[in-house]
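Tertiary structure, described
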Amino acid sequence: MRFIERVALITGGTSGIGRATAIKFAQEGAKVAITGRNESRGKEVISLVQSEGGTAVFIRSDVRFRDECQRAVEQTLTAFGRLDILFNNAGVFFPNTTVACTEEEWDLTVDICLKGTYLMSKFALPPMISQGSGVIINNASGWGLVGGDQAAAYCAAKGGVVLLTKAMAIDHGRQGIRVNCVCPGDVETPMLPEDAETRGVPWEDYLAGASDRPLGRIGQPEEIAAAVLFLASDEASFITGSVLAVDGGGVAD
């Protein structure tokens, strides 16, 4: 119960890593607000949290838009009175080279992955600064540290998230704010089979290729969530500006 009386706001909290992280935060005592564009999936996650005895609210929000990010923070503050943890998790992926990537795909990837991280942080930071404490964790990717095939927009956006993390850590450390970043490898979320289908690769072959790393398997959403909770906890009180690869050794290979 590391997060009693703390409030966590999670973007992209309706599936995958966001969903797993919301449940884990609630299990450890946090009050949780999740955002997303799919209301039915959001309500399902809230029901799961409440079935565990947790407290949670769903806020329909699209991180591409300034007003919706501001509203997400304001509604969290209205619901719970404070904001201690922001997990910038919302993301999207289109497998394409620079030549094949459309402007629409580029804009959507950068707007959700990078601009959304900036906008949510922009509105979450003032109340954190006012209370003298807060933690921001950004979800980047192993492909924000090294290049990936047919992932030009995604690599660009996630690489930006990595350096935005470091810049915010420098700017706001003396105000009591810690800012860190997780870089997952392949994780068993809805995004993975969608990628396999788009690339025209059978799921079994895709899994075999994704498992070609030191630990010999892909990750589970709960494993990324565990890293997020560690970085959000007092156990990580002297960690800021860090970039934690949670990828089974993928970028080390």
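Residues numbered from 1 in each chain as written. Predicted model: local features only at pLDDT ≥ 70, side-chain atom pairs only at ≥ 80, totals over all residues. Heavy atoms only, no water.

1. Overview of unusual backbone geometry
Backbone geometry follows two general trends: most residues other than glycine have a negative phi, and most peptide bonds adopt the trans configuration. Although it is not a glycine, Glu-5 sits at a positive phi angle of roughly 65°. For Glu-5, the location among the structural elements is in the segment before strand E1 (7–10). The phi dihedral of Gln-150 falls on the positive side, at around 50°, and the residue is not glycine. The residue Gln-150 is located in the loop between strand E5 (134–139) and helix H5 (152–172) in this model. For Gln-150, a relative accessible area of 36% gives the class partly exposed. (Helix = DSSP H or I, 4+ residues; strand = E, 2+ residues; numbered from the N terminus. Buried < 20%, exposed > 50% of the residue type's maximum accessible area, 1.4 Å probe, protein only.)

2. So, the packing of helix H3 (residues 66–80) against helix H4 (residues 103–131)
Across the interface, H3 lies against H4 with an axial gap of 8 Å and an inter-helix angle of 35°. For H3 against H4, the interelement crossing comes out right-handed. Taken together, the residues of H4 that come into contact with H3 (itself represented by Arg-66, Cys-69, Gln-70, Ala-72, Val-73 and Leu-77) are Leu-119, Met-120, Phe-123, Ala-124 and Pro-127. For the contact of H3 with H4, the residue count by class is nine nonpolar, one polar and one charged. (Axes fitted to C-alpha atoms, helices over the stretch in contact; angles between N-to-C directions. Left-handed = near helix turned anticlockwise from the far one by under 90°. Contact = heavy atoms within 4.5 Å. Nonpolar A, V, L, I, M, F, W, Y, C, P; charged D, E, K, R; others polar.)

3. What to know about the layout of surface pockets
In this structure, the second largest pocket spans a volume of roughly 300 Å³. Considering the residues around the second largest pocket, the lining is formed by 18 residues, among which Ser-133, Gly-134, Val-135, Gly-176 and Arg-178 are closest to the centre. Taken together, the residues of the lining of the second largest pocket sort by class into six nonpolar, seven polar and five charged. (1 Å grid on protein atoms, 1.4 Å probe; cavity = no way out; pocket = protein on both sides within 12 Å on 5 of 7 lines; lining within 4 Å. Points joined across faces, edges and corners; volume = space filled by probe spheres on them.)

4. Observations concerning the environment of Ile-137
Within the fold, Ile-137 resides in strand E5. Judged by relative accessible area, Ile-137 falls into the buried class, the value being 0%. Filtering out sequence-adjacent residues up to four positions away, Ile-137 remains in contact with Ile-85, Leu-86, Phe-87, Asn-88, Asn-180, Val-182, Val-228, Leu-231 and Ala-232.

5. Looking at the sheet that holds E1
With respect to topology, seven strands assemble into an open sheet ordered E3-E2-E1-E4-E5-E6-E7, the strand pairing being parallel. Of all strands in the sheet, those with a lone pairing partner are strand E3 (55–60) and strand E7 (243–246), marking the two edges. Each strand axis lies, on average, 20° off the axis of its neighbour in the sheet, ignoring direction. Sheet analysis places E5 next to strand E6 (residues 177–184), joined by six bridges and oriented parallel. Residue pairing in the sheet places Asn-139 in a bridge with Val-182 of E6. Relative to the sheet, helix H1 (residues 16–27) contacts E1, strand E2 (31–36), strand E4 (85–88), E5 and E6, its axis offset from that of E1 by approximately 170°. (Pairing = 2+ DSSP bridges.)

Read these as layout, nothing more, since geometry by itself doesn't imply function.
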